[in-house]
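# Close look at the chain arrangement
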Amino acid sequence: MAERPEDLNLPNAVITRIIKEALPDGVNISKEARSAISRAASVFVLYATSCANNFAMKGKRKTLNASDVLSAMEEMEFQRFITPLKEALEAYRREQKGKKEASEQKKKDKDKKTDSEEQDRSREEENDEDEERLEEEEQNEEEEVDN
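Residues numbered from 1 in each chain as written. Predicted model: local features only at pLDDT ≥ 70, side-chain atom pairs only at ≥ 80, totals over all residues. Heavy atoms only, no water.

### Here's the deal with the overall build of the protein chain
Rules: Per the convention used, a helix needs a DSSP run of H or I reaching at least four residues, while a strand needs a run of E reaching at least two, with both numbered from the N terminus. Taken over C-alpha atoms, the radius of gyration is set against a globule rule of 2.2 Å times the number of residues to the power 0.38. Relative accessible area decides the class of each residue, using a 1.4 Å probe on protein chains only: under 20% of the type maximum gives buried, over 50% gives exposed, and in between gives partly exposed. Residue contacts are counted whenever heavy atoms from the two residues lie within 4.5 Å of one another. All accessible areas in this document rest on Shrake-Rupley with a 1.4 Å probe, and a residue is counted as covered only by the protein chains that are shown.
Secondary structure summary: the protein chain contains 4 helices and 0 strands in total. N-terminal to C-terminal, the α/β element order of the protein chain is α-α-α-α. Taking 147 residues into account, the globule formula puts the C-alpha radius of gyration at 15 Å, and the protein chain, at 33 Å, lies well above it. For the protein chain, the C-alpha atoms occupy an extent of roughly 105 × 45 × 35 Å along the three principal directions. Counting every position in the protein chain, which comprises 147 residues, the buried fraction comes to 10%. Sequence separation of at least 24 residues holds for 35% of the intrachain contacts in the protein chain that already meet a minimum separation of 6. Only carbon and sulfur atoms are counted for the fraction: they give 49% of the accessible area of the protein chain, which is about 12,800 Å².

### Things to note about the packing of aromatic side chains
Going by this rule: To pair, rings of Phe, Tyr and Trp, with the six-membered ring standing in for Trp, must have centres within 6.5 Å; the planes then decide the type, stacked if under 30 degrees apart, edge-to-face if over 60, and tilted in the middle.
One pass over the full model with this rule turns up 2 aromatic pairs. Ring centres of F44 and F78 lie 5.4 Å apart, and the angle between their planes is 85 degrees; this geometry places the pair in the edge-to-face category. Note that F44 is positioned in helix α2 (residues 31-58) and F78 in the loop between α3 (66-75) and α4 (82-146), a separation of 34 residues in sequence. F78 sits in the partly exposed class, given a relative accessible area of 28%.

### Structural notes on the confidence of the model for the protein chain
Applicable threshold: Residue-level confidence of the predictor is what pLDDT reports, using numbers from 0 through 100.
In the predicted model, the protein chain carries a mean pLDDT of 86, and 90% of its residues have values of at least 70. At the low end of the mean pLDDT range in the protein chain sits α4, at 82; at the high end sits α3, at 95.

Set out below in structure tokens:
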């Protein structure tokens, strides 16, 4: 856990970016207001986490999952955020699935390339061995003819 209350605040850069995206162009915000929003956001995150943790504990789990967060939002009476959160969660899952599939495909392609290179090396070695054998046979034939 955090030792000081300041450790629980979200980074100012993140808060500033969120505020700028939420406000119309040309609207400014004072340092004091930005600080108050930052503290409020931190309190909200702590409260939501605590509520979600309660649902995880009821399920005899130590890991919070998305359904715990959604249940916490409902318990905190933030029902209007549940649908957008579910949509964001689905988008996140699709993105992760796409990344995983891309990674697996990349690995398969790399394995195919490695297998192909190994086959090429093996063929080259066989060809080299065949050439050496032919040279030896030719030398042996020449020696037999000479004798």
